[in-house]
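Observations on the three-dimensional arrangement
Listed below are the residues making up each chain.
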Amino acid sequence: MYGKMKEHLCNTLAEIKAAGLYKEERLIESPQQAVISVKGKKVLNFCANNYLGLSNHPRLIAAAQQIMETRGYGMSSVRFICGTQDIHKQLEAAISEYFHTEDTILYAACFDANGGVFEPLLTDEDAIISDSLNHASIIDGVRLCKAKRYRYANANMEELEKCLQEAQAQRFRIIVTDGVFSMDGNVAPVDKICDLAEKYDALVMVDESHSAGVVGATGHGVSELYNTYGRVDIYTGTLGKAFGGAMGGFTTGRKEIIDLLRQRSRPYLFSNSVAPAVIGASLETFKMLKESNELHDKLVDNVNYFRERMTAAGFDIKPTQSAICAVMLYDAKLSQVYAARMQEEGIYVTGFYYPVVPKGEARIRVQLSAGHTHEHLDKCIAAFIKVGKELGVLK
């Protein structure tokens, strides 16, 4: 049988390559930080989710090493058998404090948090109303649930209201949205979403993966930005972006919701506990963020600096309120050629194209970090301009 399937797979892979959609993985030979080593060459990294520059921070490394001395390397168990240490509960409490919520449950990744949140809470009597640009993990989580599905165009409150009106036929309703949409960088209008949720008796869930640590006056996410504390019922998020960049995800929100997830959420019940080293470093992250807002302030300054100068240079950048700047190129092959030329200029970026983004919407997604300096940004902008003129993107 595999001979027949192999032929099919080879043909499919050839079609992907011919369409310019084949994804190559480039090897990094250094820690994740603003300056990385690729093929023995130092390049500036502008495509990591390392928003606060913490992925290689010495305090986090020391905290991870220290916790391994006292709590070991791995847990070898799920939480309810023998996989819960005191530090797991401490981190859940720290996350709850950060988001102003009642309780938190940890997962191996936010993909698991989103995959495990809907099915335990909702049945075929209920409704899920989802933004069209929500992350793949939310989409897959919705697919695992029997609730009726509604979808509204990205951040379109008129369509959301129509969905809510139709969903009055269901028992419970939940609106789910990314806080920051990862490909465009725009922030969901969570205040307006909460207004509609209250008008039509619905719950609200926000995925904070790209917004926590980034948006809001001190980077505490969408509820700080829109003053919606107490109005959002569920947040999901990751420890793999702003909060140190390792592994681990979480769901935080109403106590009873978290309690039921501990009893019935399959990715939680059937996956190993998050490793002690990740927990130790994450605890140190939240400690650092309580001490100072310096990293977030630097990130905001870098985003404003980069966006203003790229726009002035003539690049087509999607409106953004986050650390994501989508430089639109529209053509998939062009995005790959552009990214390759940028690497030759010492700038590490990635071209995004279908199926990661819609067909005809290819781009280079630039992600800013508190780890960048203005000198780094100037070099990146200069390379963008040079390559843009070579490839006919700029006149």
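In this report, we go over the structure that sits alongside the text. All values reported here derive from a predicted model rather than from experimental measurement.

Conventions and cut-offs
- Residues numbered from 1 in each chain as written.
- Predicted model: local features only at pLDDT ≥ 70, side-chain atom pairs only at ≥ 80, totals over all residues.
- Heavy atoms only, no water.
- Helix = DSSP H or I, 4+ residues; strand = E, 2+ residues; numbered from the N terminus.
- Rg over C-alpha atoms; globule rule 2.2 N^0.38 Å.
- Buried < 20%, exposed > 50% of the residue type's maximum accessible area, 1.4 Å probe, protein only.
- Contact = heavy atoms within 4.5 Å.
- Areas by Shrake-Rupley, 256 points an atom, 1.4 Å probe, with all protein chains shown as cover.
- Salt bridge = Lys/Arg side-chain N within 4 Å of Asp/Glu carboxyl O.
- Pairing = 2+ DSSP bridges.
- Phe/Tyr/Trp six-rings, centres within 6.5 Å; stacked < 30°, edge-to-face > 60°.
- Expected span 1.5 Å × (residues − 1).
- Core = buried A, V, L, I, M, F, W, Y, C linked by side-chain atoms within 4.5 Å.
- Axes fitted to C-alpha atoms, helices over the stretch in contact; angles between N-to-C directions.
- Parallel < 35°, antiparallel > 145°, perpendicular 65-115°, else oblique.
- Left-handed = near helix turned anticlockwise from the far one by under 90°.
- Nonpolar A, V, L, I, M, F, W, Y, C, P; charged D, E, K, R; others polar.

A few points about the overall build of the chain
Looking only at helices and strands, the chain features 16 helices and 13 strands. Computed over C-alpha atoms, the radius of gyration of the chain comes to 22 Å, within 12% of the 21 Å expected from 2.2 N^0.38 for 395 residues, which places it in the range of a compact globule. When the 395 residues of the chain are sorted by exposure, 52% land in the buried category. Long-range pairs, those at least 24 residues apart, make up 70% of the contacts in the chain with a sequence separation of at least 6. As presented, the chain carries roughly 18,200 Å² of accessible surface, and 53% of it is formed by carbon and sulfur atoms.

Thoughts on the pattern of salt bridges
Taken as a whole and judged by the stated rule, the model has 24 salt bridges. One salt bridge in this structure joins Arg231 and Asp195, with 2.6 Å as the shortest N-O distance. Of the two residues, Arg231 is situated in the loop between helix H10 (222–226) and strand E8 (234–238) and Asp195 in helix H9 (residues 190–199); the sequence distance between them amounts to 36 residues. Overall, Asp195 belongs to the partly exposed group, its relative accessible area being 43%. As a salt-bridge pair, Arg341 and Glu390 come within 2.8 Å of each other at their nearest N and O atoms.

Some remarks on the environment of Gly371
Within the element layout of this structure, Gly371 appears in the loop between strand E13 (362–367) and helix H16 (374–390). Judged by relative accessible area, Gly371 falls into the partly exposed class, the value being 30%. Residues Gly371 and Ala64, 307 residues apart in the sequence, show an inter-C-alpha distance of 20 Å. Setting aside residues up to four positions removed in sequence, Gly371 forms contacts with Ala34, Gly53 and His376.

A short note on the sheet that holds strand E11 (residues 347–348)
The strand order across the open sheet formed by 3 strands is E1-E2-E11, and the pairing between neighbours is mixed. Lying at the two open borders of the sheet, with one neighbouring strand each, are strand E1 (35–38) and E11.

A look at the packing of aromatic side chains
Considering all chains together, one arrives at 10 aromatic pairs under this definition. Taking the centre distance of 5.4 Å and the plane angle of 70° together, the rings of Tyr98 and Phe286 count as edge-to-face. Of the two residues, Tyr98 is situated in helix H4 (residues 86–99) and Phe286 in helix H13 (residues 276–291); the sequence distance between them amounts to 188 residues. Phe286 matches Tyr98 in its accessibility class, with the two residues each being buried. Here Phe243 and Phe286 contribute two aromatic rings whose centre-to-centre distance is 4.8 Å and whose plane-to-plane angle is 45°, an arrangement assigned as tilted. Of this pair, Phe243 sits in the loop between E8 and strand E9 (249–253) while Phe286 sits in helix H13, placing them 43 residues apart in sequence. Of the two residues examined, Phe243 and Phe286, each falls in the buried class.

So, H13
Over its 16 residues, H13 extends 23 Å from the first C-alpha to the last, a length consistent with the 22 Å expected when each residue adds 1.5 Å. In terms of burial, H13 is a largely internal element, 12 of the 16 residues being buried. Here H13 has its buried residues at Pro276, Ala277, Val278, Ile279, Gly280, Ala281, Ser282, Glu284, Thr285, Phe286, Met288 and Leu289. Residues of H13 that are buried make contact with helix H2 (58–71), H4, strand E3 (103–107) and helix H14 (294–313).

Quick notes on the nonpolar core
By size, the foremost hydrophobic cluster in this structure holds 84 residues, and its most contacted members are Phe243, Phe306 and Phe384. Counting 20 residues, the second largest nonpolar core, distinct from the first, contains Phe118, Ile138, Ile257 and Leu269.

Here's the deal with the environment of Leu21
Within the secondary structure, Leu21 sits in the loop between helix H1 (2–18) and E1. Residue Leu21 is classed as buried on the basis of its relative accessible area, which comes to 17%. The spacing of Leu21 and Gly351 is 330 residues in sequence and 10.0 Å in space, taken between C-alpha atoms. Residues within four places of Leu21 in sequence aside, it is in contact with Ile16, Ala332, Gln336, Tyr353 and Tyr354.

What to know about the sheet that holds E9
The 7 strands are arranged E3-E9-E8-E7-E6-E4-E5 in an open sheet whose pairing can be described as mixed. A strand with exactly one partner marks an edge of an open sheet, and here the two such strands are E3 and strand E5 (148–152). Geometrically, the sheet is characterised by an average inter-axis angle of 20° between neighbouring strands, direction not taken into account. The sheet contact formed by E8 and E9 spans 5 bridges and is antiparallel. Residue pairing across strands places Thr236 opposite Thr251, the latter belonging to E9. In the packing of H9 onto the sheet, the strands contacted are E5, strand E6 (173–178) and strand E7 (203–207), and the crossing angle to E7 comes to about 160°.

Section: the pairing of E8
Across the 5 residues that make up E8, a large majority, 5, are buried. Residues Ile234, Thr236 and Thr238 line one face of E8 and the alternating positions Tyr235 and Gly237 line the opposite face, and both faces are buried. Bridge count for E7 against E8 is 3 bridges, and the pairing is parallel. Along E8, the bridge assignment pairs Val206 with Tyr235.

Overview of the packing of H2 against H13
Between H2 and H13, the shortest axis-to-axis distance is 7 Å and the interhelical angle comes to 135°. With respect to H13, the element H2 is oriented oblique. H2 and H13 meet at a crossing whose hand is right-handed. Here Arg59, Leu60, Ala63, Ala64, Ile67, Met68 and Arg71 of H2 lie close against H13, whose contacting residues are Pro276, Ala277, Gly280, Ala281, Glu284, Thr285, Lys287, Met288 and Glu291. Looking at the contact of H2 with H13 residue by residue, the class counts come to 9 nonpolar, 2 polar and 5 charged.

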